[in-house]
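# Report on the structure
Residues per chain, in single letters:
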Amino acid sequence: MEQTKLYTGYGDKGYTQTLSQKRISKADALIDLIGTLDEFSAAIGIAKTQTGKKDLRKDIEAIEKKMISVMGELAGGKVSVTEDCIRVVEEMTDRYDSGAICDFTQISSTPLSAQLNFARTVIRRAERIGAKVMQTGRIRPLTLVYINRMSDLLYAMARNAQADKAPQIEAEGAVVMQELTLNLAKEISLAVEMRAEQLGKRLVVAITDAGANLMLLHSMTGAYLASCQIAQDKAYTSVALKMPTQTALEESRGGSLDGLGITDRNRLCLLGGGAPLIAGGRIIGGVGVSGGTAEEDTAFAEFAALYLERRLSDCE
């Protein structure tokens, strides 16, 4: 049996096919709307991979499934959106909003909340396109209301995501951080990656535990091969010397580390881009970043340390 090809050659002239309109321009607002809803589904799909909450994953999967039928309706298929659909979304919004703990200015301070917030902006764009499509009578008012309510739901989900607590223990009446967990290390590296994407940089992020043992090596697509080892050495150095690598470099030039060069089996790296990760007044790990200039890597490492600080302050 001949295998069906993914490419057909039918759409490369700027037209596509729908269920109700056999041929329609890809520049049409209706196609733009369907494509934007598809983009929204992809955005929340990424958010689903960033959470360990079963309820949130289940709700996102339900939204993904519903969006398929909504896109089918817009393409000329059977009616998908009903009053009950809107009611369900409103009830979900109330549930997530009741657990929200941050205001709008803090909504993107974790990778999960940032991704949910991004999905919110995509569905809001879909709503604006839907308003244009409504002028031609090719979208039902109820369906546009559903898209509007979906943006409210994503806003509530993003705010609720701030309620995730970092692991903590009680010690002598004070709240202090446990040993750095792999999940938190992943969260820190994802935050750095998102920041790097915004600035058009391709980095490698290395994170160690308090004993300078490598926990995570995160390499962005297109990063330098050499950055993999350099990032690890920067993270190691920040823990071994208990200071940012940029500070160590400065101290090696007439300061407390005057004359320090290549030692410790060549693992010390006196290049900007390494910083200790601190919680409760103690070093719980280190981060090393490589891929940009010394100044850029230093800024990214400082961003990672500040991200951890703010992440923990949200849990207090």
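The paragraphs below set out a description of the structure included in this document. (Residues numbered from 1 in each chain as written. Predicted model: local features only at pLDDT ≥ 70, side-chain atom pairs only at ≥ 80, totals over all residues. Heavy atoms only, no water.)

Here the focus is the overall build of the chain. In terms of helices and strands, the chain carries nine helices and eight strands. Scored against the burial criterion, the 316 residues of the chain give a buried share of 45%. By sequence separation, contacts in the chain at least 24 residues apart represent 68% of the contacts at least 6 residues apart. Accessible area of the chain: about 16700 Å², with a carbon and sulfur share of 52%. (Helix = DSSP H or I, 4+ residues; strand = E, 2+ residues; numbered from the N terminus. Buried < 20%, exposed > 50% of the residue type's maximum accessible area, 1.4 Å probe, protein only. Contact = heavy atoms within 4.5 Å. Areas by Shrake-Rupley, 256 points an atom, 1.4 Å probe, with all protein chains shown as cover.)

Of the strand pairs in this sheet, strand 5 (residues 204-209) and strand 6 (residues 214-219) are connected by five bridges, and their pairing is antiparallel. Bridging across to strand 6, valine 204 finds its partner in serine 219. Count of turn residues in the strand 5/strand 6 antiparallel hairpin: four residues, of which alanine 212 carries a positive phi of about 65°. (Pairing = 2+ DSSP bridges.)

Now for the sheet that holds strand 8 (residues 282-290). Within the open sheet, the four strands sit side by side as 6-5-8-7. Their pairing is antiparallel. The strands lining the two open edges of the sheet, one partner per strand, are strand 6 and strand 7 (274-279). Strand after strand, the sheet turns through a mean of 20° between neighbouring axes, direction not considered. Taken together, the six bridges between strand 7 and strand 8 define a ladder with antiparallel strand orientation. Bridge pairing links alanine 279 to arginine 282 in strand 8. Against the sheet, helix 6 (residues 182-199) engages strand 5, strand 6 and strand 7, with an angle of about 25° to strand 6. Contacting strand 5, strand 6, strand 7 and strand 8, helix 7 (residues 227-240) crosses the sheet at an angle of about 155° to strand 8. (Axes fitted to C-alpha atoms, helices over the stretch in contact; angles between N-to-C directions.)

Checked against the element boundaries, isoleucine 44 lands in helix 1 (residues 29-49). Taking the relative accessible area as the measure of exposure, isoleucine 44 reaches 1% and is therefore buried. Sequence separation between isoleucine 44 and asparagine 117 is 73 residues, and the spatial gap between their C-alpha atoms is 9.5 Å. Sequence-distant contacts of isoleucine 44, defined by excluding residues within four places in its chain, comprise Ile60, Ile63, Glu64, Ala119 and Leu154.

The subject of this paragraph is unusual backbone geometry. Positive phi outside glycine occurs at alanine 212, with the angle close to 65°. Tracing the sequence through the fold places alanine 212 in the loop between strand 5 and strand 6. Despite not being glycine, lysine 242 shows a phi value in the positive range, around 55°. Tracing the sequence through the fold places lysine 242 in the loop between helix 7 and helix 8 (245-251). When its relative accessible area of 65% is taken as the criterion, lysine 242 is described as exposed.

Another point: helix 2 (residues 54-74). The terminal C-alpha atoms of helix 2, which comprises 21 residues, lie 30 Å apart, in line with the 30 Å expected from a rise of 1.5 Å per residue. The complete set of buried residues in helix 2 reads Leu56, Asp59, Ile60, Ile63, Glu64, Lys66, Met67, Val70, Met71, Glu73 and Leu74. The secondary structure elements touched by the buried residues of helix 2 are helix 1, helix 3 (83-97), helix 4 (111-134) and helix 5 (141-160). Looking one or two residues beyond helix 2, the residue adopting positive phi is glycine 76, at roughly 110°. (Expected span 1.5 Å × (residues − 1).)

As enumerated under the stated definition, the model contains 13 salt bridges in all. Between arginine 125 and glutamate 39 there is a salt bridge, with its nearest N and O atoms 2.9 Å apart. Taken together, the residues arginine 125 in helix 4 and glutamate 39 in helix 1 connect sequence positions 86 residues apart. Note on glutamate 39: relative accessible area 32%, which makes it partly exposed. (Salt bridge = Lys/Arg side-chain N within 4 Å of Asp/Glu carboxyl O.)

Let us now look at the packing of helix 4 against helix 5. The geometry of helix 4 relative to helix 5 is characterised by a closest axis approach of 8 Å and an angle of 165° between their N-to-C directions. As far as their axial angle goes, helix 5 and helix 4 are roughly antiparallel. Remark: the crossing between helix 4 and helix 5 carries left-handed chirality. Contacts between helix 4 and helix 5 involve Ser113, Leu116, Asn117, Ala119, Arg120, Ile123, Arg124, Ala126, Glu127, Gly130, Ala131 and Met134 on the former and, on the latter, Pro141, Leu144, Ile147, Asn148, Met150, Ser151, Leu154, Tyr155, Met157 and Ala158. A class-by-class count of the residues in the contact of helix 4 with helix 5 yields 14 nonpolar, five polar and three charged. (Parallel < 35°, antiparallel > 145°, perpendicular 65-115°, else oblique. Left-handed = near helix turned anticlockwise from the far one by under 90°. Nonpolar A, V, L, I, M, F, W, Y, C, P; charged D, E, K, R; others polar.)

Turning next to the packing of helix 3 against helix 5. In contact at an axis separation of 8 Å, helix 3 and helix 5 are set at 15° when each is read in the N-to-C sense. Looking at the two axes, helix 3 sits roughly parallel to helix 5. As for how helix 3 packs across helix 5, the hand of that crossing is left-handed. Contact residues: helix 3 offers Glu83, Cys85, Ile86, Val89, Glu90, Met92, Thr93, Tyr96 and Asp97, while helix 5 offers Leu142, Val145, Tyr146, Arg149, Met150, Asp152, Leu153, Ala156, Met157, Arg159 and Asn160. In terms of residue class, the contact of helix 3 with helix 5 is made up of twelve nonpolar, two polar and six charged.

By themselves, these are just geometric observations and shouldn't be taken as functional.
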